[in-house]
Amino acid sequence: DQQVKQNSPSLSVQEGRISILNCDYTNSMFDYFLWYKKYPAEGPTFLISISSIKDKNEDGRFTVFLNKSAKHLSLHIVPSQPGDSAVYFCAASAWYGGATNKLIFGTGTLLAVQP
Amino acid sequence: ETGVTQTPRHLVMGMTNKKSLKCEQHLGHNAMYWYKQSAKKPLELMFVYNFKEQTENNSVPSRFSPECPNSSHLFLHLHTLQPEDSALYLCASSQLSLAGGSYNEQFFGPGTRLTVL
């Protein structure tokens, strides 16, 4: 049973518009969430994260929103650029301030930003 | 070399072969991981090593045997694999946080694309 779900396998957006990638989780013990980005033939690279004590974290064009009651998080990319085209993975951890370093990943969403 | 490196990048092996995947991290981290990524499935955590000690074996079949000789190197020894073991194998490392410390993200290598014939 998947604890982290990305229900959209792919998303296509025009350059300059907003990209919104969604992620749902089932385990209420998760307290830390991350987004990774993966280009073909490369490993995933860390993008942005959020702790469960926050509901928003922003880094440049990237913002992650967390809705704990809905067990839902989203990644917003504004404005989207062609170089953002990649697979985006959502990941979650029941971190407990250092008790574990185990990450559970979603299946990924392929984002295509059209010029 | 910087970051996390993995060799080989591609590997084709028969079911009776024995091969090893190698991972090296140049980040001074104290935790290393093996993940498996099959088509249309999430990255699956296989093994975790903290301070060179295995702390997680995620119900991985014994035909996969990890080895962590030091904090910078991680191996995955493969023997009598099955075609369904064909996948991308990713290594990652991180700095293990102490209780109450900040969360430290995992850094990934480029992966080894394994094909079992």
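All values reported here derive from a predicted model rather than from experimental measurement.

A. Spatial organisation of the overall build of chain B. Secondary structure assignment for chain B yields zero helices and eleven strands. Its helices and strands taken in sequence order, chain B reads β-β-β-β-β-β-β-β-β-β-β from the N to the C terminus. Counting all 117 residues of chain B, 46% fall into the buried class. Once local pairs closer than 6 in sequence are excluded, the contacts in chain B between residues at least 24 apart make up 55%. By element, 50% of the accessible surface of chain B is carried by carbon and sulfur atoms, the whole surface being about 5,600 Å². A gap of 8 Å separates the mean positions of the 10 positive and 9 negative side-chain charges of chain B.

B. Broad picture of the environment of Thr16 of chain B. All names here are of chain B. Within the fold, Thr16 resides in the loop between strand S2 (10-13) and strand S3 (18-25). Accessibility expressed as a relative area gives 72% for Thr16, which makes it exposed. For Thr16 and Phe107, which are 91 residues apart along the polypeptide, the C-alpha to C-alpha distance reads 32 Å.

C. Local environment of the state of the cysteines. All names here are of chain A. Under the counting rule described, the total for this entry stands at two disulfides over all chains. Note that Cys23 is cross-linked by a disulfide to Cys90, the S-S spacing being 2.0 Å. Residues Cys23 and Cys90 share a disulfide whose torsion about the S-S bond is about -75 degrees; that sign makes it left-handed. Of this pair, Cys23 sits in strand S3 (residues 19-25) while Cys90 sits in strand S9 (residues 86-93), and the two are 67 residues apart along the sequence. For the pair Cys23 and Cys90, one class covers both residues: buried.

D. The arrangement of empty space enclosed by the protein in detail. In the structure shown here, the tally under the stated rule is one cavity of 30 Å³ or more. Estimated volume of the largest cavity: approximately 70 Å³. Lining the largest cavity are eleven residues, and of these Trp95 and Asn101 of chain A together with Gln95, Ser97 and Asn104 of chain B lie nearest its centre. Split by residue class, the lining of the largest cavity holds four nonpolar, seven polar and no charged.

E. Expanded view of the pairing of strand S11 (residues 112-116) of chain B. All names here are of chain B. Alternating positions in S11 separate cleanly, Thr112, Leu114 and Val116 being buried on one face and Arg113 and Thr115 remaining unburied on the opposite face. One ladder, built from four bridges, connects S2 with S11; its direction is parallel. What sits directly across from His10, in S11, is Arg113. Here strand S9 (residues 87-94) pairs with S11 via three bridges, running antiparallel. Looking at the pairing, Leu88 lines up with Arg113 of S11.

F. How the structure looks around the sheet that holds strand S7 (residues 64-70) of chain B. Residue and element names in this part refer to chain B. One open sheet accounts for four strands, arranged S1-S3-S8-S7; its pairing is antiparallel. Edge positions in the sheet fall to strand S1 (4-7) and S7, since each of these pairs with one other strand and no more. The average undirected angle you get between the axes of adjacent strands in this sheet is 20 degrees.

G. A look at the environment of Ala92 of chain B. Residues and elements named next belong to chain B. Structurally, Ala92 can be placed in strand S9. Remark: the alpha-carbon pair of Ala92 and Phe108, spanning 16 residues in sequence, is separated by 4.2 Å. Not counting chain neighbours up to four residues away, the residues in contact with Ala92 comprise Ala31, Met32, Tyr33, Tyr35, Gln106, Phe107 and Phe108.

H. Up close: the sheet that holds strand S6 (residues 56-59) of chain A. Residues and elements named next belong to chain A. Taken in spatial order, the five strands line up as S1-S3-S8-S7-S6 in an open sheet, and their pairing is antiparallel. Each end of this open sheet is capped by a strand with a single partner; those strands are strand S1 (4-5) and S6. Direction of pairing for strand S7 (residues 62-67) relative to strand S8 (residues 72-77): antiparallel, over a ladder of six bridges. Within S8, the position partnered with Thr63 by the bridge is His76.

I. Examining the nonpolar core more closely. Counting residues in hydrophobic clusters, the biggest one holds 24 residues, and the most contacted among them are Phe33, Trp35, Leu73, Leu75 and Tyr88 of chain A. Where this core is concerned, the elements lending two or more residues are S3, strand S4 (32-38), strand S5 (45-51), S7, S8, S9 and strand S11 (109-114) of chain A. No other element matches the four residues that S9 of chain A contributes to this core. Ignoring sequence-local partners within four residues, the contact set of Leu73 of chain A consists of Leu21, Asn22, Cys23, Tyr25, Phe33, Trp35, Val64, Phe65, Leu66 and Cys90 of chain A. Formed by 22 residues, the second largest nonpolar core is a distinct cluster that contains Tyr49, Val60, Phe64 and Cys68 of chain B.

Conventions adopted
- Residues numbered from 1 in each chain as written.
- Chains lettered and ligands numbered in written order.
- Predicted model: local features only at pLDDT ≥ 70, side-chain atom pairs only at ≥ 80, totals over all residues.
- Heavy atoms only, no water.
- Helix = DSSP H or I, 4+ residues; strand = E, 2+ residues; numbered from the N terminus.
- Buried < 20%, exposed > 50% of the residue type's maximum accessible area, 1.4 Å probe, protein only.
- Contact = heavy atoms within 4.5 Å.
- Areas by Shrake-Rupley, 256 points an atom, 1.4 Å probe, with all protein chains shown as cover.
- Lys, Arg positive; Asp, Glu negative; His and termini not counted.
- Charge placed at Lys NZ, Arg CZ, Asp CG, Glu CD.
- Disulfide = S-S within 2.5 Å.
- 1 Å grid on protein atoms, 1.4 Å probe; cavity = no way out; pocket = protein on both sides within 12 Å on 5 of 7 lines; lining within 4 Å.
- Points joined across faces, edges and corners; volume = space filled by probe spheres on them.
- Nonpolar A, V, L, I, M, F, W, Y, C, P; charged D, E, K, R; others polar.
- Pairing = 2+ DSSP bridges.
- Axes fitted to C-alpha atoms, helices over the stretch in contact; angles between N-to-C directions.
- Core = buried A, V, L, I, M, F, W, Y, C linked by side-chain atoms within 4.5 Å.

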